[in-house]
Amino acid sequence: MQNEIKACLGPVVRVGKEIAYLPSVTSTNDLMKTMAEAGAAEGTVLVAGEQTQGKGRLGRSFTSAAGKGIYLSALLRPSLPPEALLPLTGFTAEAMGRALKRAVGAKTQIKWVNDLLLNGKKLCGILTESAFSTEGRLSYVVVGIGVNVNYDREDFPEELRDMAGSLRTELGQTFPLAPIAAVMVEELDRLYGALLAGDTEGYLTGYRKNCLTLDRDVLLVKNGLSTPAHALDVDEALGLLVRYPNGEEALIRSGEASVRGLAGYVS
Ligand code: BTN
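Keep in mind that this is a model prediction, so the values were computed, not measured.

With that out of the way, let us pick up the overall build of the chain. From N to C terminus, the chain includes six helices and twelve strands. On C-alpha atoms alone, the chain measures out to a radius of gyration of 18 Å, which is about the 18 Å that the 2.2 N^0.38 rule sets for 267 residues. Sorting the 267 residues of the chain into buried and exposed places 49% on the buried side. Considering only residue pairs separated by 6 or more positions, the chain has 62% of its internal contacts joining residues 24 or more positions apart. Carbon and sulfur atoms make up 49% of the accessible area of the chain, which amounts to about 12,000 Å² in all.

Structure (structure tokens):
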């Protein structure tokens, strides 16, 4: 798999200079954090055949069966202030949308803030984890990406079957994993270069265009409470600008609330 990915990979500047593959890991994010602490180079990518404890956001697990998906983590060591990284996870969703369009022609959409959907079904999840020095400086960032490729509906846990999809369930085809993984790495490398150069305008424009949350009535869910609102826009850090029924507007940061009420997919 490692050699297959390398054979498919075009030129990269940082992400993907080193690619490691392991058939089975607990979580590529967890292992990459250990590798980062041990001094792994910036841009190292770890791909796993399966994860036995794949992690999602908000303490959820991420289904990671062997041969059915792409599970990878990339190590970044950006010399940037932490606030410059606020949009990284959302822009990664935009970058993965570009990758899946290039690799298999899939026309994905983004559900704020960083879920990638195809036909309203969640296809790809992203989990970014950062580590800071004792002085509060950013030491490294691990960007973890999972893409459902060859799952059938029955492969997902029953409670996820109406929300989760794969390239196979939505496009009716089985896909080899390595060529898709290679394009994902290329697009991640391109995004990281843009982020370091402060040149992410194209990602913001693309995100706004592809984000199906915008211009919709949504329910903002926070601490079990649901508040209706209309999603207006995202700012440069991908905070969600909403208008409440009383006309007041507010900016919701990622992690402050989740969004519900969109066709076919409830977070
Ligand atoms: C989510 O949708 O909640 C985020 C899912 C992130 C899954 C990926 S798979 C590779 C990496 N390793 C993990 O344990 N999680 C991320």
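What follows covers the sheet that holds strand 11 (residues 249-252). In spatial order, the strands read 11-10-9-8-12; together these five strands make up an open sheet with antiparallel pairing. In this open sheet, the two strands that pair with only one neighbour each are strand 11 and strand 12 (258-260). Here the average twist between neighbouring strands, direction ignored, is 45°.

Turning our attention to the packing of aromatic side chains. For the coordinates displayed, the defined rule picks out two aromatic pairs. Considering the side-chain rings of Tyr151 and Phe156, the 4.8 Å spacing of their centres and the 15° angle between planes classify their relative orientation as stacked. One exposure class covers both Tyr151 and Phe156, and it is buried. Of note, Arg98 hangs over the ring of Tyr203, and the distance from its end group to the ring centre comes to 4.1 Å.

By the definition in use, this model includes 15 salt bridges. Salt-bridge contacts for Arg253 lead to Asp235; the nearest nitrogen and oxygen are separated by 2.9 Å. In this pair, Arg253 is assigned in the loop between strand 11 and strand 12 and Asp235 in the loop between strand 9 (225-234) and strand 10 (240-243), connecting sequence segments 18 residues apart. Since its relative accessible area comes to 26%, Arg253 is described here as partly exposed. Residue Asp235 is classed as buried on the basis of its relative accessible area, which comes to 18%. The partner of Glu249 in a salt bridge is Arg243, and the shortest N-O contact between them spans 3.4 Å. Since its relative accessible area comes to 36%, Arg243 is described here as partly exposed. Several salt bridges converge on common partners, so that one network encompasses Asp30, Lys33, Lys55 and Glu129.

Rules behind the numbers
- Residues numbered from 1 in each chain as written.
- Predicted model: local features only at pLDDT ≥ 70, side-chain atom pairs only at ≥ 80, totals over all residues.
- Heavy atoms only, no water.
- Helix = DSSP H or I, 4+ residues; strand = E, 2+ residues; numbered from the N terminus.
- Rg over C-alpha atoms; globule rule 2.2 N^0.38 Å.
- Buried < 20%, exposed > 50% of the residue type's maximum accessible area, 1.4 Å probe, protein only.
- Contact = heavy atoms within 4.5 Å.
- Areas by Shrake-Rupley, 256 points an atom, 1.4 Å probe, with all protein chains shown as cover.
- Pairing = 2+ DSSP bridges.
- Axes fitted to C-alpha atoms, helices over the stretch in contact; angles between N-to-C directions.
- Phe/Tyr/Trp six-rings, centres within 6.5 Å; stacked < 30°, edge-to-face > 60°.
- Lys NZ or Arg CZ within 6 Å of the ring centre and 35° of its normal.
- Salt bridge = Lys/Arg side-chain N within 4 Å of Asp/Glu carboxyl O.

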